[in-house]
Amino acid sequence: MADYPKRVRINEEGPREGFQFEKGPIATADKIALIDALSQARLPQIQVASFVNPARVPGMADADAVVAGIRRAPGTAYTALWLNEKGFDRALAHRGQLDLKGSISMVASESFMLRNQNRDFAENRRVQTRMVERYLEAGLTVERASMMAAFGCNFEGEVPVARVLAVMAETFEIAEECGVTIKTYSLADTMAWATPAAVQRVVGAVRERWPDLKVALHLHDTRGMGIANAFAGLQMGVDTFDASVAGLGGCPFAGHKAAAGNVCSEDLAFLCEEMGIETGIDLEALSEAARLAEQVVGHALPGSVMKAGRLNAYRRAA
């Protein structure tokens, strides 16, 4: 039997997901304009940039300028991504503009970790321990963890459920050693290996092992499974999803030229609306931002609701 949540949180990651992946240069002002448009959609959270090496991710070279230029809207948290202490120091410099929280970042595939973060499992444990220490020194809370490649890897193949559980157990060991408690764990389908059956299998195993843990999903749409996988998550009671406006973005280190971005934000919000699940999002404003995203990147994006619209007007007309 399905265990649908009554309310779902959709965290917007399009600005970071999209602008790290687009091949052509995008003007800083256009990035800011898209974030400001997203701010009108009553999203609970927008991830606006990542503080990473611009030599490896050129699209994030202007991250500091983007963060400094956005106009914050009440009720929306503005976040950023970083992978190491240097990136965290850059984020701290924008403490007034960004809503900073600590997180423990794990990966289920060592091969992908070496490509994405240039470290192995043992080094990552040391780095994560040090990062938690830094977060606490800065007065940040650390209640969240995440795992990339939780459903499969283009370099290692299938990721067994047992490995997902083992990496999660190691996460909780790190948290205990540092004196923090993880309340939310985000499982990322970084390279789009997930299917609805896999989502149910992995989330079910996690729920069985840690029944009080909140599970979030970060789903990619490379093979068109994003919305189906999100629906499977909803059936399992998952109430927190990362999504990307208009389906922007992808992972530049996934080893796949067609590595699409997260499940489309407005399509997921529409699905929830039609199922009677609250999101608090202004879907019309979000669809308008999606259309702006296409103008900013200069090519078609995969989002559907921004093109077809909602069903409300058709219902009224009928």
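Computed from a predicted structure; not experimentally measured.

Thresholds applied
Residues numbered from 1 in each chain as written. Predicted model: local features only at pLDDT ≥ 70, side-chain atom pairs only at ≥ 80, totals over all residues. Heavy atoms only, no water. Helix = DSSP H or I, 4+ residues; strand = E, 2+ residues; numbered from the N terminus. Expected span 1.5 Å × (residues − 1). Polar contact = N/O pair within 3.5 Å; in protein donor to acceptor, adjacent residues only side chain to side chain. Phe/Tyr/Trp six-rings, centres within 6.5 Å; stacked < 30°, edge-to-face > 60°. Buried < 20%, exposed > 50% of the residue type's maximum accessible area, 1.4 Å probe, protein only. Right-handed = clockwise from strand over helix to strand, strands pointing away. Pairing = 2+ DSSP bridges. Core = buried A, V, L, I, M, F, W, Y, C linked by side-chain atoms within 4.5 Å. Contact = heavy atoms within 4.5 Å. Salt bridge = Lys/Arg side-chain N within 4 Å of Asp/Glu carboxyl O.

Engineer: How would you sum up helix H6 (residues 121-137)? Please name residues and give values.
Structural biologist: A rise of 1.5 Å per residue sets the reference length of H6, with its 17 residues, at 24 Å; its end C-alpha atoms lie 24 Å apart and thus fit the reference within 8%. For H6, the N-terminal capping position is held by Asp-120, with its side-chain oxygen 3.3 Å away from the main-chain nitrogen of Ala-122.

Engineer: Got a sec to walk through the packing of aromatic side chains? Specific residues and values, please.
Structural biologist: Overall, the coordinates contain six aromatic pairs when judged by the stated rule. Both rings, one in Tyr-4 and one in Phe-231, keep their centres 6.1 Å apart while their planes meet at 40°; by these two values the pair is tilted. Within this pair, whereas Tyr-4 is found in the segment before strand S1 (9-12), its partner Phe-231 is found in helix H9 (residues 226-235), the two being separated by 227 residues in sequence. Geometrically, the ring pair formed by Phe-172 and Tyr-185 is edge-to-face, given 6.0 Å between the ring centres and 75° between the ring planes.

Engineer: Before we move on, could you go through the pairing of strand S7 (residues 214-219) and cite the residues and values that matter?
Structural biologist: Most of S7 sits out of view: five of its six residues are buried. Between the parallel pair strand S6 (residues 184-189) and S7, the chain is carried across by helix H8 (residues 196-209), and the sense of this crossover is right-handed. Taken together, the two bridges between S7 and strand S8 (residues 240-243) define a ladder with parallel strand orientation. Considered in S8, the bridge of His-218 is made with Asp-242. As a crossover connection, the stretch from S7 through H9 into S8 is right-handed.

Engineer: Tell me about the nonpolar core, residues and numbers included.
Structural biologist: Met-168, Tyr-185 and Leu-187 are the most contacted members of the largest nonpolar core, which has 97 residues in total. When sequence neighbours within four positions are dropped, the list of residues in contact with Met-168 reads Met-147, Tyr-185, Leu-187, Val-206, Trp-210 and Leu-213.

Engineer: Lay out the pattern of salt bridges in plain terms, naming residues and giving numbers.
Structural biologist: In the structure shown here, the tally under the stated rule is 25 salt bridges. Glu-123 serves as the salt-bridge partner of Arg-126, at 2.8 Å between the closest nitrogen and oxygen. Highlighted residues: Arg-126 and Glu-123, both in helix H6, separated by three residues, approximately one helical turn. Two residues, Glu-143 and Lys-183, come together in a salt bridge whose shortest N-O distance is 3.5 Å. Of this pair, Glu-143 sits in strand S5 (residues 142-148) while Lys-183 is found in the loop between helix H7 (161-178) and S6, placing the two residues 40 residues apart along the sequence. Salt bridges here are not isolated pairs; linked through shared partners, they connect Glu-85, Asp-89, Arg-130, Glu-133, Arg-134 and Glu-137.

Keep in mind these values describe shape, not function.
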